[in-house]
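Chain and residue survey
For reference, the chains in residue letters:
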Amino acid sequence: MNPGFFEGPLGEGMIRIAREKGLVDTAIIPIRDFATDRYGTTDDTPYGGGAGMVMKVDTIVAAHGHALKLAQGLTARTLVTTPQGRTLTQDWARELAGGEHLVLVCGRYKGIDERAIWALQAEEVSIGDYVLSGGEPAALVILDALARLQPGVLGDAESAEADSFSEALLDAPVYTRPDDFRGQKVPEVLLRGNHEEIRRWRRREALRRTRERRPDLLSGRNMSEEDRKLLNEIEEEAGS
Ligand code: ADE
């Protein structure tokens, strides 16, 4: 793992704000520092052969022990980043954000010795169905998703609540000035200022988008009377 990887991102945006407010504390622990030989070896060839290198269990366990020491007795939960993991969702992010302390182990592409998962009592987490060359970008994604959920990080406490996925629906489209860009106009309803009309339009567009782009989010969902009605209208429009 290259600790320099994190310098920029931790010093920018939402994570920087969270750190400056003292709401999130981070420590980067280079696994290489815990190598047991004088060459700083952190990986080795896989038993049974095959391509790629596997991260060594002893090194990871030693680095993890150090991370726990830094946690100073807080309850720590350990995640290992891997495409084989459970996919991170907003629900899981919320659960993790509510916990005390998190140790994120950045796996490399080929993976870490399976015994480390057990030794660390770790959960395996994926950020999506694609393969990164290392777990570092995944760790940053996870950190960002959790940092913004810490109370006090977002200026407006409600904005995390109103996010798409807090409710498992995609967001409606948004617009700002000008109201006419090369003939493309902002929907009239947003200019009229009737709050109830706008709320209903946004709900309808959120449902429309979700139906078109992520129908999986709608199946099995408990619908309010209003949502059912709006969806019926959308389906009728689409069918006509
Ligand atoms: N490491 C490589 N690919 C990954 C992914 N999709 N999620 C988490 N860790 C990874």
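Here we summarise the structure given alongside this text. As the structure is a computational prediction, the values presented were derived from the model and not from experiment.

I31, I60, V80, V105 and I112 are the most contacted members of the largest nonpolar core, which has 14 residues in total. Considering every element that reaches this core, the biggest residue donor is helix α3 (residues 57-70), with three residues. Discounting residues that sit within four places of it in the chain, I112 has contacts with V54, M55, I60, V80, G107 and I117.

All told, the structure shown has 22 salt bridges when counted by the stated rule. A salt bridge links R221 to D227, with the nearest nitrogen and oxygen atoms 3.9 Å apart. Residues joined by salt bridges that share partners form a network here, namely E196, R199, R200, R204, E205, R208, E226, E233 and E237.

Two elements in contact, helix α2 (residues 13-20) and helix α6 (residues 136-147), have axes whose closest approach is 9 Å; the angle formed by their N-to-C orientations is 55 degrees. On the basis of their axis angle, the class for α2 and α6 is oblique. As α2 packs across α6, the resulting crossing turns out to be left-handed. Within the contact between the two elements, α2 uses M14, I15 and A18 and α6 uses L140, L143, D144 and A147.

In the vicinity of the ligand, the residues found are T81, T82, P83, V125, S126, I127, G128, Y130, V131, L132, G134 and A138. Separating a nitrogen atom of the ligand from a backbone N or O atom of G128 is a distance of 3.1 Å. The contact in question runs from a nitrogen atom of the ligand to an N or O atom on the backbone of Y130, over 2.8 Å. Burial of the ligand by the surrounding chains reaches 100%, relative to a free accessible area of 260 Å². The element that contributes the greatest number of residues to the shell around the ligand is strand β3 (residues 76-87), accounting for three residues. Counted by class, the shell around the ligand contains seven nonpolar, five polar and no charged residues.

What counts and how
- Residues numbered from 1 in each chain as written.
- Predicted model: local features only at pLDDT ≥ 70, side-chain atom pairs only at ≥ 80, totals over all residues.
- Heavy atoms only, no water.
- Core = buried A, V, L, I, M, F, W, Y, C linked by side-chain atoms within 4.5 Å.
- Buried < 20%, exposed > 50% of the residue type's maximum accessible area, 1.4 Å probe, protein only.
- Helix = DSSP H or I, 4+ residues; strand = E, 2+ residues; numbered from the N terminus.
- Contact = heavy atoms within 4.5 Å.
- Salt bridge = Lys/Arg side-chain N within 4 Å of Asp/Glu carboxyl O.
- Axes fitted to C-alpha atoms, helices over the stretch in contact; angles between N-to-C directions.
- Parallel < 35°, antiparallel > 145°, perpendicular 65-115°, else oblique.
- Left-handed = near helix turned anticlockwise from the far one by under 90°.
- Near = heavy atom within 4 Å.
- Polar contact = N/O pair within 3.5 Å; in protein donor to acceptor, adjacent residues only side chain to side chain.
- Areas by Shrake-Rupley, 256 points an atom, 1.4 Å probe, with all protein chains shown as cover.
- Nonpolar A, V, L, I, M, F, W, Y, C, P; charged D, E, K, R; others polar.

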